[in-house]
Structure formats: C-alpha cells, structure tokens
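# Structure at a glance
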Amino acid sequence: MDDQIAQFKKLSSAFASAAKAVLEAQKAMNASKPVTQNIQTTCEKAAASLQKISNADTQIAALQKALTARGTQARIELEKERALLAGLVAKALQAQGLRVEGNLPLLKVGHLSLEFVFGTKGACNIWFGPKISRLAVCGLDAEQIAAKTCEFHSSLFAAEFDEQAFLKKLRKAYKLALTTAGKGDGDRVPIVALMTNMAFLMQKPTFLTDPRRESFTPYGRVEFAADLSRLKNRTIGEWTLRLDVATMVQTKRLEDHLWIPRNPDGAHYATASFVKVQ
C-alpha cells in the first residue's frame, strides 16, 4: 500500500497543478480585454495538466479499496485488543476473589463498575454502583485498573464490619438529626442529614479537640452507602432501622437521596427512621 499512497501524493500534486492551470486559463478567457495568445497558451497548458490526471479514478478506487480492507482488519485487531484487556483485568480481579460480570464497555465487580472508554484518550472509569459516583480514572492498563479496583473494594467492603457498633453510632446520629429537626423518636429524617451526623461521629478525638483538615477522616456518600449495604441485621435493642425509597423527583437532587447497594442493582433512599420492634 505504500506505493499506492506515494502515487496518490503525486496525483494530489498533479491535481493542484491542474487546478492552478485551469484557473489561469479561466482568467485569460474572462479578461476585460482578452489576449488570444494568452488564451491559447493557458488553455493548452490546462489541457495538458488534466491529461496527467486522466486515470485518477482508477488510482483512487484502488487506494480506497486497499484502505477499506486495512481499516476492517484494524477494527478486528482492535476488538481483540480490547477483549484481551478486559480478560486480563478479569483474571487479575478473580485472583483476588472478585467476580467480574458484564460485557464491554461496562463490567461489574460486586458493587463497583468499570467503564472502559476507548479512543485517542482511552481510560477506565471506576464507579461506585451503576455509575453513581466516580471513584477514579485509570489508564487502559490491566494491572493498574485491577489494583485500583481491589483498593476501593477493600476499603469499602473490608472483611471486618462490626454491625452493632455501626448501628449504635447510626442510632446516635439519628437522635441528633431528630433534635435538629425538632422531631421525636420514630419520625423520619432525611437520610443525608443522617449521613452528615455519622461523618461527625466517625471523627477521631484529635479532630474533635482541634478540628483541622489534616486530622479529618473522610466519610461521605460512598462510605456511608457501602456501610449501610453491609447491614444484615438492622435492629439494635428495641429499635429497627427503616429506610424509605426515594421518589423519582427526590432522585434529581443529591441532597434529597442516597443510593445504597442492594442486590442486584441497589436503590435510592430519601429518609430513614428507627422504629420500635413490634
């Protein structure tokens, strides 16, 4: 194909020369005072230039056919490369005990999802849930993607989780929210208000005695939702946690809802309460 491309470059130059010659002939013919000599010279030159590109259709058709075939071959190779990348990521994650589901461009790893974006600036977006919150953006490198995914999965869904300790803090956060809203036990409070109080209760004594940025322990929507998803028992003492599913309108603003992983796809919740066990 290199020879065909070289011929096309020559053909392109010939087209440019022919176009220039034709325009010169046109200028000579349309002059306010046409000079016959000029018309003869420019027209003959233009005709000769056009003769050089008389077989252009054949050359262009052959090059087009060759380029189309190579493009098709490259597309097949690209699909194989992408499938290989996904396979390497899946293999690395499975080695860490994480199951991978789905098909490109979106793979699911537990409550995380990997969105592959291919192109000149290819990347892999690691999401919490079905593209709920973006956790990180990685290059299209299998080891990097797998390592980052394992890191997030481990930090959000670590093996150890003390349900009763979490429920105890959650109950305290709920009571704080009730006091702020002027409500009584059993009433619903915005789930985001509950999250805000939990973030405060998660802080270490160093932050509470001297609240500086460097001593703050991040605890946001993703961490709170992940912890709530791990509750198998929602009862503490005589109280049971109740979560209320958000309406379509409530899901439009972040301050009105929180997405929590629930098999298979999770759900958006708007309010929460602790009600007495019957």
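Thresholds applied
- Residues numbered from 1 in each chain as written.
- Predicted model: local features only at pLDDT ≥ 70, side-chain atom pairs only at ≥ 80, totals over all residues.
- Heavy atoms only, no water.
- Helix = DSSP H or I, 4+ residues; strand = E, 2+ residues; numbered from the N terminus.
- Rg over C-alpha atoms; globule rule 2.2 N^0.38 Å.
- Buried < 20%, exposed > 50% of the residue type's maximum accessible area, 1.4 Å probe, protein only.
- Contact = heavy atoms within 4.5 Å.
- Lys, Arg positive; Asp, Glu negative; His and termini not counted.
- Charge placed at Lys NZ, Arg CZ, Asp CG, Glu CD.
- Salt bridge = Lys/Arg side-chain N within 4 Å of Asp/Glu carboxyl O.
- Pairing = 2+ DSSP bridges.
- Phe/Tyr/Trp six-rings, centres within 6.5 Å; stacked < 30°, edge-to-face > 60°.
- Lys NZ or Arg CZ within 6 Å of the ring centre and 35° of its normal.
- Axes fitted to C-alpha atoms, helices over the stretch in contact; angles between N-to-C directions.
- Expected span 1.5 Å × (residues − 1).
- Polar contact = N/O pair within 3.5 Å; in protein donor to acceptor, adjacent residues only side chain to side chain.

### Some remarks on the overall build of the chain
What the chain contains, in helices and strands, is eight helices and 10 strands. For 278 residues, the compact-globule estimate of 2.2 N^0.38 gives 19 Å, and the C-alpha radius of gyration of the chain, at 34 Å, exceeds that figure by more than 25%. Projected onto its principal axes, the C-alpha positions of the chain cover 110 × 50 × 40 Å. Counting only residues that meet the buried cut, the chain has 34% of its 278 residues in that class. In the chain, the share of contacts with a sequence separation of at least 24, taken over all contacts with a separation of at least 6, comes to 57%. Positive and negative charge centroids in the chain, built from 38 and 27 side chains respectively, lie 4 Å apart.

### A word on the pattern of salt bridges
Side-chain pairing between opposite charges can occur once the charged atoms of the two side chains come close. In total, this model carries 10 salt bridges according to the counting rule given. One salt bridge in this structure joins Asp 210 and Arg 212, with 3.0 Å as the shortest N-O distance. The exposure class of Arg 212 is partly exposed, given its relative accessible area of 46%. Where Asp 256 meets Arg 253, a salt bridge forms, and the shortest distance between an N and an O atom there is 2.8 Å. Residue classification places Asp 256 among the partly exposed positions, given a relative accessible area of 24%. We classify Arg 253 as partly exposed; its relative accessible area is 44%. Residues participating in the shared-partner salt-bridge network are Arg 253, Glu 255 and Asp 256.

### Some details on the pairing of strand E2 (residues 106-109)
Side chains Leu 107 and Val 109 of E2 all project onto a buried face; the interleaved residues Leu 106 and Lys 108 project onto a face where none is buried. The sheet contact formed by strand E1 (residues 100-103) and E2 spans four bridges and is antiparallel. The partner of Gly 102 across the bridge, within E2, is Leu 107. Hairpin geometry of E1 and E2 is characterised by an intervening segment of two residues between the two adjacent antiparallel strands. What sits between E2 and strand E3 (residues 112-117) in their antiparallel hairpin is a turn of two residues, with Gly 110 showing a positive phi close to 60°.

### Points about the pairing of strand E5 (residues 133-138)
The pairing of strand E4 (residues 123-128) with E5 spans five bridges and is antiparallel. When the sheet's bridge partners are listed, Trp 127 is paired in E5 with Arg 134. The hairpin formed by E4 and E5 contains four residues between the paired strands, and Gly 129 there has a positive phi angle of roughly 75°.

### Structural notes on the packing of aromatic side chains
In this description, an aromatic ring pair is defined by two values, namely the gap between the centres and the angle between the planes. Enumeration according to the criterion identifies six aromatic pairs in this entry. Each ring, one from Phe 116 and one from Phe 118, has its centre 6.1 Å from the other, and the planes form 15°; the classification is stacked. Over the face of the ring belonging to Trp 239 we find Arg 171, whose NZ or CZ atom lies 4.2 Å from the ring centre.

### Notes on the sheet that holds E4
The antiparallel open sheet is built from five strands, whose spatial order is E1-E2-E3-E4-E5. Two strands close off the open sheet at either side, each with one partner strand: E1 and E5. Averaged over all pairs of adjacent strands, the angle between strand axes in this sheet comes to 20°, irrespective of strand direction. Direction of pairing for E2 relative to E3: antiparallel, over a ladder of four bridges. Its bridge partner being in E3, Lys 108 is matched across the sheet by Ser 113.

### With respect to helix H5 (residues 163-181)
For H5, with 19 residues, the first-to-last C-alpha span of 26 Å sits near the 27 Å given by 1.5 Å per residue. Among all positions in H5, only Glu 163, Phe 166, Leu 167, Leu 170, Arg 171, Ala 173, Tyr 174, Ala 177 and Leu 178 are buried. Looking at the packing, one finds that the buried side of H5 touches strand E6 (189-190), helix H6 (191-201), helix H8 (221-229), strand E7 (235-236), strand E8 (239-245) and strand E10 (267-276). For H5, the N-terminal capping position is held by Asp 162, with its side-chain oxygen 3.3 Å away from the main-chain nitrogen of Gln 164.

### A word on unusual backbone geometry
With an omega of 10°, the peptide bond running from Leu 104 to Pro 105 counts as cis. Residue position: Pro 105 is located in the loop between E1 and E2.

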